[in-house]
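Survey of secondary and tertiary structure
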Amino acid sequence: IVTADSEKVIAESWWENDGRVHVSWTIGVSKYGGGSFESKRYLENNGDVYVCESTFYPNDSKERDPSCLKWKFLREGATVYVGQ
């Protein structure tokens, strides 16, 4: 596929944990020094919270550690979420 950065990469995706976690990989990214992205998306708090975890694995993993980011989105109309 072609990314938003106009890079041609390989993308794969599948479901894990009995269809509760969607996993995707973007392989062959040349930006950021080159590497791959892993994303995991799932629901928490009875479906009121949408979680997106994104990890970048650099090609030069001996020199750089993976970078991770986690977003949590509260569903409109849901009660206030107090969590980790």
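Located above this text is the structure these notes cover.
Attention in this report is confined to the structure presented alongside it. Just so it is clear, the structure is predicted and the values come from calculations on it, not from any experiment. (Residues numbered from 1 in each chain as written. Predicted model: local features only at pLDDT ≥ 70, side-chain atom pairs only at ≥ 80, totals over all residues. Heavy atoms only, no water.)

**Let's talk about the overall build of the protein chain**
To keep it simple, the criterion reads: Where helices and strands are cited, they refer to DSSP runs of H or I of at least four residues and of E of at least two residues respectively, numbered from the N terminus. When we talk radius of gyration, it's over C-alpha atoms, and the globule rule is simply 2.2 Å times the number of residues to the 0.38. Burial here depends on accessible area, computed with a 1.4 Å probe over protein chains only, as a share of the maximum for the residue type. Under 20% is buried, over 50% is exposed, and the range in between is partly exposed. The contact criterion used throughout is that any non-hydrogen atoms of two residues lie within 4.5 Å. Each accessible area value is a Shrake-Rupley result obtained with a 1.4 Å probe; residue values ignore everything except the protein chains displayed when judging cover.
Secondary structure summary: the protein chain contains zero helices and five strands in total. Put simply, the protein chain runs from its N terminus to its C terminus through helices and strands in the order β-β-β-β-β. On C-alpha atoms alone, the protein chain measures out to a radius of gyration of 15 Å, which is more than a quarter above the 12 Å that the 2.2 N^0.38 rule sets for 84 residues. Taken along the three principal axes of its C-alpha coordinates, the protein chain extends 40 × 25 × 25 Å. For the protein chain, the residues scored as buried account for 25% of the 84 residues in total. Here the analysis covers contacts within the protein chain between residues at least 6 apart in sequence; of these, 17% occur between residues at least 24 apart. Surface exposure of the protein chain reaches about 6200 Å², of which carbon and sulfur atoms provide 51%.

**Examining the side chain of S24**
Structurally, the position occupied by S24 is in strand β2 (residues 21–29). Classification of S24 by relative accessible area gives buried; the value is 16%. When neighbours within four sequence positions are excluded, S24 is seen to be in contact with E12, S13, F37, E38, S39 and R41.

**Brief notes about the packing of aromatic side chains**
So the rule is basically this: The pairing test for Phe, Tyr and Trp rings, Trp by its six-membered ring, is centres within 6.5 Å, and the orientation test on the planes gives stacked under 30 degrees, edge-to-face over 60, and tilted for anything in between.
Scanning the model with the defined rule gives five aromatic pairs in all. Aromatic pair Y32 and F37: ring centres 6.2 Å apart, planes at 90 degrees, arrangement edge-to-face. Classification of F37 as partly exposed rests on a relative accessible area of 23%. Between F37 and F56, the ring centres sit 4.8 Å apart and the planes meet at 50 degrees, which makes this aromatic pair tilted. Placement of F37 in strand β3 (residues 35–44) and of F56 in strand β4 (residues 49–58) is noted, with a sequence separation of 19 residues between them.

**Some points on the state of the cysteines**
Put simply, the rule reads: In this description, the term disulfide denotes a pair of cysteine sulfurs within 2.5 Å.
For the structure on display, the rule yields zero disulfides. Counting only cysteine sulfurs, C68 is the nearest neighbor of C52, a cysteine outside any disulfide, at a range of 12 Å.

**Focus on the environment of G47**
Tracing the sequence through the fold places G47 in the loop between β3 and β4. Owing to a relative accessible area of 29%, G47 belongs among the partly exposed residues under this scheme.

By themselves, these figures tell us nothing about what the structure is for.
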